[in-house]
Each structure stands twice: as structure tokens, then as C-alpha cells.
Number of protein chains: 2
Amino acid sequence: MPDRKRVPELPIRTAVANEDGIDFTLIELFFFAYRDFTSDPDEMLADYGFGRAHHRVLHFVNRRPGLTVAELLEVLKITKQSLARVLKQLIDTDHIVQLQGPRDRRQRELYPTAKGRALALALARPQSRRIHTALQDVGAEGRALVEGFLNAMVNPELRAQIDAPPRNHE
Amino acid sequence: MPDRKRVPELPIRTAVANEDGIDFTLIELFFFAYRDFTSDPDEMLADYGFGRAHHRVLHFVNRRPGLTVAELLEVLKITKQSLARVLKQLIDTDHIVQLQGPRDRRQRELYPTAKGRALALALARPQSRRIHTALQDVGAEGRALVEGFLNAMVNPELRAQIDAPPRNHE
DNA sequence: AAAATATGTCAGTACTATTGACATATTTTT
DNA sequence: AAAAATATGTCAATAGTACTGACATATTTT
């Protein structure tokens, strides 16, 4: 009868490389790049008692002023319960205002205030600077290519949403 | 005497574009790209009762077998209390084993098991496929450029860490 | 008038992260 | 040899972001 006690599994001492056609290099780089990309605004947000979720809401409300709560949930892919606390805080602190929908009065259109616009720009500034620097390192023709790459990384179903150009409202 | 009651802030109805030299397009794309990039493994991990943190630990232990707990904390930039639960679960489920450091017996070297290696590869597969497809859309010469871009997005202090090629241990 | 929709809210839970405090084993310094 | 520093582990409390499920209200559609 075999030993049913716990046999320690054997350690594998060889590193995974880019084997099996798996691109570990870019997987890892993407992780580091995104982490550092979000680190600058994260630090600034802490001063307001805000987190990354507030940034995202603020970003999209500034990009698509007048979007409804439902549209925002759709873009962010979160539930309304998750949004509730964050949105309430942004409204209470006068970064965002809600207006009753003109056609459908059940809807709440979301707009940034001057304060909310200013914060969104302040948060985006270091991120944009980082991107700009990274693109310089890569040559001028790189921008279109990087944009194409990032775009192709997004699920196809969602691309329509993204391509929708930010519009001014009413 | 001015009204001290709450005056509703005025809504701004114009969308932020890529004004002030701020690259909102790429900021937004980077957000969507990373979200979808992590969505495939996230779904798989749910089947194990694991989260994204488990994935990251598994990834780096497979990439740098034999790294110590302190080295792992340094790479992930989290605290040992955050790591504790996740690492314990991975050890209890035989995805990772700990060996006493040969030189310094206080250290715990972390190694993947066959099971842990298999899971790491399974999680990386859809991510790699996504990257591969995105690169195809962008042309063959694009890969080096994308790698350069992502690399330049990382904080310079950390680049040494990344460039350290995954090594086989002992 | 009834059903569907848009929003808001309450309650409970999970995951990942934090800080602070303390314990143990081991190595380094004095 | 004793003291200090280091590597790891663990306990407790807290925060931020997310989830599901349930229910309430106002409004629009059927």
C-alpha cells in the first residue's frame, strides 16, 4: 500500500523562458508598465482620500460629459453597487454633478464641474508625460503602432465603445 | 450677505480632448487593454478559488525559480502580510514548494512544482495568444517597438530588476 | 393599468492591500 | 559568547474595490 501521507512535490529548478511560443517577456513587461503607469495618479488620489476607482469615473465623465449612469457602468464593466459609493463621494465633493435626463427623466446625466475637470487633467498629466517619454524612446513613427497594438489588445466587442469619439453634449 | 447654502456647481459640457498636450487616447486605451489582458486568466483562476495575486506569485516563481520571499516582495512591491495568505494557499495546494536557503538557512527559496508550472503556463497561454494576435495586426517589425515602449513605461529604477534574465537556479 | 426600465439603497461577502506588533530562527557584529 | 541585525511568519485591525441579492421609487413603455 502506497504511503498516503503528504509527499512533498519536487521543485522545478528551470525557469520558464519564452517556450511553447508563450511570450513571457511581454506578459511581464505589460504588468510592470501598467503598474507604474497607475502609480503616479494613485499617489495624488491618496491626498483626496480617493482611490483608483474615483479616477476612472472622473476620467470617463470628463471624456463623455452627459453620459448616463447606465452608460458609465457599461464602460467600466462594474455593478451599480460598486459605482454607488465612488460616485456619491465625487458628487459630494463637487467634482461631478448629476442632471436629470432631458428626454428620459429617469436618467441621470453626469457632468464634471470645473473642479472635476481640473482634477482629471491633473491626474492625467503624469500619465501622459510618461507615455510621451516612452514614445520618444521609440521613435516618432512608433505612436501609431503602439496605438494599434493597444487597440488590438482590447476585446473586439468593446472596440466600438472605444472608437466612439468623445463628444460634447447637447 | 451671500447665500451660504450649497450652490450647485456648473456642469461642463465639453469633452476633454487631447488638449494641453495630454494624450487621453492612449491613457484610455492602456486602461482597456490591460483590463482585457487580465480578464482571461482571471476567469480561469476563479475555478481554483484563486485571484490575480496568486497569478502574479505563480508567474514570478516560475520565471525566477529559487527566489527568496524577500526578493518576491521586492518584485511585487507588496508587504509580506499581503503575500502571506496567497503564498500559503499556493503551497498548501502543491503549486509551490519552499526550500531552506543553502547558504542562509533563514531564507526560503520558492520553486514551482510540476502542478504549479502547468498552471502558470495555462494562465499565460491566452495572454500570449492575445499579444501575438495584437502584434500581427501591427506588423512584424512592431514587436521590438512595442517591447521598447513598454520597457520605457516602467520606472527606470525598476528596469534593472526586469532586465535580470530569468535564470535557472543552482 | 400593467410591465419594463433607470436609478438608488441596504445587507452581506470576498479579495487584495495596508500598518503595527510581536515571535522564531539564524547570521553578523561587537 | 553576547548582542544586534536579518529573514520569515503570524496575529489583529483597517481600507478600497468588487460582488450577489433584495427591494424601493420614479418614470416610461406597452
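Whatever comes next refers back to the structure up there.
Given the structure is predicted, the values throughout are model-derived calculations rather than measurements. Counting restarts for each chain: residues are numbered from 1 in the order of the written sequence. Each chain takes a letter, starting from A, and each ligand takes a number, starting from 1, following the order in which they are written. pLDDT decides what is reported in this predicted model: residues at 70 or higher carry local features, side-chain atom pairs at 80 or more are listed and counted, and totals for whole chains, interfaces and linings draw on all residues regardless. Remark: hydrogens and water are excluded; side-chain values derive from all non-hydrogen atoms of the structure.

### Re the sheet that holds strand 3 (residues 108-112) of chain B
Pairs of strands are assigned from DSSP output, requiring at least two bridges between the strands. Secondary structure elements are defined from DSSP: runs of H or I of at least 4 residues count as helices, runs of E of at least 2 residues count as strands, and each element is numbered from the N terminus. Here we have three strands laid out as an open sheet, ordered 1-3-2 (chain B), and antiparallel in their pairing. In the strand order of this sheet, the two ends are held by strand 1 (67-68) and strand 2 (96-100) of chain B, each with one partner.

### Overview of the environment of V97 of chain A
Secondary-structure assignment places V97 of chain A in strand 2 (residues 96-100). Residues V97 of chain A and E19 of chain A, 78 residues apart in the sequence, show an inter-C-alpha distance of 52 Å. We call two residues in contact whenever any of their non-hydrogen atoms come within 4.5 Å of each other. Sequence-distant contacts of V97 of chain A, that is, excluding residues within four places in its chain, are made with E109, L110, Y111 and T113 of chain A together with E9 and P11 of chain B.

### What to know about the protein's contact with DNA strand C
Taken together, the neighbourhood of DNA strand C is formed by 24 residues, with K80 and R106 of chain A together with G51, R56 and S82 of chain B sitting nearest. One heavy atom suffices: a residue is near a molecule or strand as soon as one of its heavy atoms comes within 4 Å of it. Sugar plus phosphate, as a fraction of atoms of DNA strand C within 4 Å of the protein: 57%. Whenever two N or O atoms come within 3.5 Å, that pair is a polar contact, provided that in protein one can donate a hydrogen and the other can accept it, and provided that, for residues adjacent in sequence, both atoms are side-chain atoms. Separating a phosphate oxygen of DNA strand C from a side-chain N or O atom of T79 of chain B is a distance of 2.8 Å. At 3.1 Å from a phosphate oxygen of DNA strand C is found a main-chain nitrogen or oxygen belonging to R105 of chain B. Of all the elements, helix 2 (residues 52-63) of chain B adds the most residues to the surface near DNA strand C, at four residues. Each residue belonging to the surface near DNA strand C can be placed in one class, and the counts come to four nonpolar, nine polar and eleven charged. For this classification, the nonpolar set comprises Ala, Val, Leu, Ile, Met, Phe, Trp, Tyr, Cys and Pro, the charged set comprises Asp, Glu, Lys and Arg, and every other residue, Gly included, is treated as polar.

### With respect to the relation of the copies chain B and chain A
Superposing chain B onto chain A takes a rotation of 180° combined with a translation of 0.0 Å along the rotation axis, leaving an RMSD of 0.0 Å. Taken together, the rotation and translation describe the operation of a two-fold axis. Closest to the rotation axis within chain B is the C-alpha of V146 of chain B, separated from it by 3.1 Å. When the interface residues of chain B are mapped onto chain A, 99% of them are again interface residues, pointing to one common binding face. In this comparison the copies share one frame, found by least squares on the C-alpha atoms of residues holding pLDDT of at least 70 in both.

### Side note on the sheet that holds strand 1 (residues 67-68) of chain A
All names here are of chain A. Pairing is antiparallel across the open sheet formed by three strands, whose spatial order is 1-3-2. Among the strands making up the open sheet, the edge pair consists of strand 1 and strand 2. Looking at chain direction, strand 1 and strand 3 (residues 108-112) are connected through two bridges and run antiparallel. Paired with L67 across the strands is L110, a residue of strand 3. Interaxial angles span 0 to 180 degrees and are taken between N-to-C directions of axes, which are lines fitted to C-alpha atoms, for helices over the stretch in contact. On top of the sheet, helix 2 (residues 52-63) reaches strand 1, strand 2 and strand 3; it is set at about 95° to strand 3, its chief contact.

### Structural notes on the side chain of N62 of chain A
Following the sequence through the fold, N62 of chain A ends up in helix 2. Engagement of the side chain of N62 of chain A in a polar contact is seen with the backbone oxygen of G116 of chain A, the distance being 3.5 Å. Beyond its immediate chain neighbours, meaning those up to four positions away, N62 of chain A contacts P112, G116, R117 and A120 of chain A together with T14, A15 and V16 of chain B.

### Let's talk about the pairing of strand 3 of chain B
Residue and element names in this part refer to chain B. Whether a residue is buried, partly exposed or exposed follows from its accessible area with a 1.4 Å probe, protein chains only, as a fraction of its type maximum: under 20%, in between, or over 50%, in that order. Counting buried positions along strand 3 yields four of five residues, so the element is predominantly enclosed. Relative to strand 3, strand 2 is paired through five bridges, and the arrangement is antiparallel. Counterpart to L99 in the pairing with strand 3 is E109.

### Thoughts on helix 7 (residues 156-163) of chain A
Listing the buried residues of helix 7 of chain A in full gives L158, Q161 and I162 of chain A. Each buried residue of helix 7 of chain A sits inside an arc of 95° when the element is viewed along its axis, so together they form one side. Facing away from the buried surface of helix 7 of chain A by more than 90 degrees, the exposed residues are P156 and A160 of chain A. On its buried face, helix 7 of chain A is in contact with helix 3 (69-76) of chain A together with helix 1 (24-46) of chain B. Directions from the helix axis toward the C-beta atoms define the arc.

### Digging into the pattern of salt bridges
The term salt bridge refers to a pairing of a side-chain nitrogen on Lys or Arg with a carboxyl oxygen on Asp or Glu at a separation within 4 Å. Per the stated rule, a full pass over the model turns up 20 salt bridges over all chains. With its nearest N and O atoms 3.0 Å apart, the salt bridge here joins R64 of chain B to E28 of chain A. On the criterion of chain membership, the pair formed by R64 of chain B in the loop between helix 2 and strand 1 and E28 of chain A in helix 1 (residues 24-46) is interchain, its members lying in two chains. A single burial state applies to R64 of chain B and to E28 of chain A, both of which are buried. Linking R106 of chain B and D104 of chain B is a salt bridge whose minimum nitrogen-to-oxygen distance equals 2.8 Å. A single salt-bridge network, built from bridges that share partners, covers D23 of chain A together with R143 and E147 of chain B.

### A closer look at helix 2 of chain B
With twelve residues, helix 2 of chain B extends 17 Å between its outermost C-alpha atoms, agreeing within 8% with the 16 Å of an ideal straight helix rising 1.5 Å per residue. Burial analysis of helix 2 of chain B places nine of its twelve residues in the buried class, which makes it a mostly covered element. In this scheme, a helix's expected span is set at 1.5 Å multiplied by one less than its residue total.

### Concerning the packing of helix 1 of chain A against helix 2 of chain B
Relative to each other, helix 1 of chain A and helix 2 of chain B sit at 130°, their axes nearing to 12 Å. Here helix 2 of chain B runs oblique to helix 1 of chain A, going by the angle between their axes. Of the two elements, helix 1 of chain A crosses helix 2 of chain B, and the hand of that crossing is left-handed. Contact residues: helix 1 of chain A offers F24, T25, I27, E28, F31 and F32 of chain A, while helix 2 of chain B offers R56, H59, F60 and R63 of chain B. Residue composition of the contact of helix 1 of chain A with helix 2 of chain B, grouped by class: five nonpolar, two polar and three charged. Small angles under 35 degrees read as roughly parallel and large ones over 145 as roughly antiparallel, with 65 to 115 read as roughly perpendicular and the rest as oblique. Take the far helix as the reference: if the near one is turned anticlockwise from it by less than a right angle, the crossing is left-handed, and if turned clockwise, right-handed.

### Regarding the interface of chain B and chain A
Taken together, the 83 residues of chain B in the interface contact 83 residues of chain A. The partner of R143 of chain A in a salt bridge is D23 of chain B, and the shortest N-O contact between them spans 2.4 Å. Counting every contact that joins chain B to chain A gives 28 residue pairs in polar contact (both at pLDDT 80 or more). The element that contributes the greatest number of residues to the side of chain B that touches chain A is helix 1 of chain B, accounting for 15 residues. Split into classes, the residues belonging to the side of chain B that touches chain A amount to 43 nonpolar, 17 polar and 23 charged.

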